[in-house]
Amino acid sequence: MLQYKHNFYLFDWISFSTKYHTNPYWLTYELGLDKVKWEEDSGRYKYNKRISFEHINIYYDGKMPDMGILCEMSGQGCRAFETYGTGDYNGLFKELFIHKELVNITRIDIAFDDHEELFNINTLFNDTLKQEFNCKSEEYMCTFGTRGISIQHGRKISKTMVRIYDKAMEQNKQEDGHWIRIELILKDERAKNFVQYYVNNNESLPMIYSGVLNNHLRYVIPSKTDTNKSRWKSKPYWIKFIKEAENIKLFEKPGIEYNEKRLKKYAIDQAGSSMQTYMRLKGIDEVILEIFKIDLEKRNPKYKKLLEQHGIE
């Protein structure tokens with residue numbers, strides 16, 4: 001089941017390079033992730049090495065001098081930062097801003113999740129095909145498939161891109177109700193400007209998001225007498241959305257949603273072969289007795305939460 005039934009914001013991608021942190025493990029301390037186990041692996045993006053944890057990648061040892069360190073947190077990486085690290089975006093952005101001469105912020109994604117039916121994705125799809133919008137990005141793309149409808153304004157190389165899609169269908173959670181995601185993707189100087197505004201305006205995320213988005217994209221009512229789209233009035237549903245985006249007070253840190261699927265992936269796919277071998281050596285009954293002797297007080301909180309969701313103590 002979906003955890004949320006209200007509209008809210010979340011960060012869904014953060015990447016930056018830094019010359020202020022000269023050792024990747026110093027950066028893990030900054031993120032509050034110095035106690036978790038990092039995997040060492042080969043790099044990319046012209047970096048020779050990287051360490052990774054739950055979709056957070058820190059690249060180092062650049063092939064060219066003075067490349068510094070690159071940190072990349074995908075959506076799942078942001079959830080891991082919230083669950084296992086400090087989850088303090090304001091503190092992180094302030095630190096990056098303080099050392100802005102040595103930091104290059106390359107991408108920030110802010111997502112607005114609509115659970116209260118501000119949008120009808122089919123209406124948006126049709127209005128986009130009819131080009132009833134005014135956008136600073138000339139290119140747009142509409143797709144429809146097994147994962148639902150997706151509307152994209154701008155290209156992947158654009159400094160600002162907007163993506164609107166049916167998150168419920170993408171996640172195969174249609175039975176849980178309406179869930180449309182409106183992603184604002186900012187890169188390079190646009191991402192830097194966001195951090196500056198965010199730090200200077202004391203976490204005024206709603207105003208920054210709605211202001212940047214509405215300045216970049218509006219769905220509009222066609223005029224029969226005026227060919228200039230910039231003067232067309234916004235559609236009522238767009239006005240309603242922007243007002244909600246401005247006034248919303250909730251900024252969520254969803255963390256990692258631990259569920260049966262993730263548990264099965266670990267218990268069967270990762271640990272299954274070793275457990276099977278141990279059972280064949282010791283016998284099923286003896287292994288089960290050993291398992292149930294594990295101190296429940298030391299149980300990982302995510303396992304405890306999963307049991308509670310099923311009414312099991």
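Here, the structure is the one placed above.
I will try to describe carefully the structure that is included in this document. (Residues numbered from 1 in each chain as written. Predicted model: local features only at pLDDT ≥ 70, side-chain atom pairs only at ≥ 80, totals over all residues. Heavy atoms only, no water.)

Regarding helix α7 (residues 205-216)
Okay, step 1: For α7, which comprises 12 residues, the first-to-last C-alpha distance of 16 Å matches the rise-based estimate of 16 Å (1.5 Å per residue) to within 8%.
Okay, step 2: Listed in full, the buried residues belonging to α7 are Leu205, Pro206, Ile208, Tyr209, Ser210, Leu213 and His216. (Helix = DSSP H or I, 4+ residues; strand = E, 2+ residues; numbered from the N terminus. Expected span 1.5 Å × (residues − 1). Buried < 20%, exposed > 50% of the residue type's maximum accessible area, 1.4 Å probe, protein only.)

Overview of the packing of α7 against helix α8 (residues 236-247)
Okay, step 1: Contact pair α7 / α8: the axes reach a minimum separation of 7 Å and the direction vectors enclose 150°. Taken together, the axes of α7 and α8 lie roughly antiparallel to each other. Only Trp238, Phe241, Ile242, Ala245 and Glu246 of α8 make contact with α7, whose side of the interface consists of Pro206, Met207, Tyr209, Ser210, Leu213 and Asn214.
Okay, step 2: Grouping the constituent residues of the contact of α7 with α8 by class yields eight nonpolar, two polar and one charged. (Axes fitted to C-alpha atoms, helices over the stretch in contact; angles between N-to-C directions. Parallel < 35°, antiparallel > 145°, perpendicular 65-115°, else oblique. Contact = heavy atoms within 4.5 Å. Nonpolar A, V, L, I, M, F, W, Y, C, P; charged D, E, K, R; others polar.)

Focus: the side chain of Ser234
Okay, step 1: Relative to the assigned elements, Ser234 resides in the loop between β12 (217-219) and α8.
Okay, step 2: Separated by 2.8 Å, the side chains of Ser234 and Arg218 make a polar contact.
Okay, step 3: Aside from chain neighbours lying at most four places away, what touches Ser234 is Arg218, Tyr219, Val220, Ile221 and Ile239. (Polar contact = N/O pair within 3.5 Å; in protein donor to acceptor, adjacent residues only side chain to side chain.)

Observations concerning the packing of aromatic side chains
Okay, step 1: Considering all chains together, one arrives at 25 aromatic pairs under this definition.
Okay, step 2: Each ring, one from Phe11 and one from Phe93, has its centre 5.4 Å from the other, and the planes form 70°; the classification is edge-to-face. Note that Phe11 is positioned in strand β1 (residues 8-18) and Phe93 in helix α3 (residues 89-98), a separation of 82 residues in sequence.
Okay, step 3: Note on Phe93: relative accessible area 0%, which makes it buried.
Okay, step 4: Through a chain of ring-to-ring contacts, three or more aromatic side chains come together here, namely Tyr9, Phe112, Phe119, Phe133, Tyr140, Tyr209, Tyr219, Tyr237, Trp238 and Phe241.
Okay, step 5: Directly above the ring of Trp13 sits Arg107, whose terminal nitrogen or CZ lies 4.2 Å from the centroid. (Phe/Tyr/Trp six-rings, centres within 6.5 Å; stacked < 30°, edge-to-face > 60°. Lys NZ or Arg CZ within 6 Å of the ring centre and 35° of its normal.)

Regarding the pairing of strand β10 (residues 160-166)
Okay, step 1: Most of β10 is tucked away, with six of its seven residues classed as buried.
Okay, step 2: As paired strands, strand β9 (residues 148-153) and β10 are joined by four bridges and run antiparallel to one another. From the neighbouring strand, Ser150 faces β10, where its bridge partner is Tyr165.
Okay, step 3: The antiparallel hairpin formed by β9 and β10 contains six residues in its connecting segment, where Gly154 sits at a positive phi of about 105°. (Pairing = 2+ DSSP bridges.)

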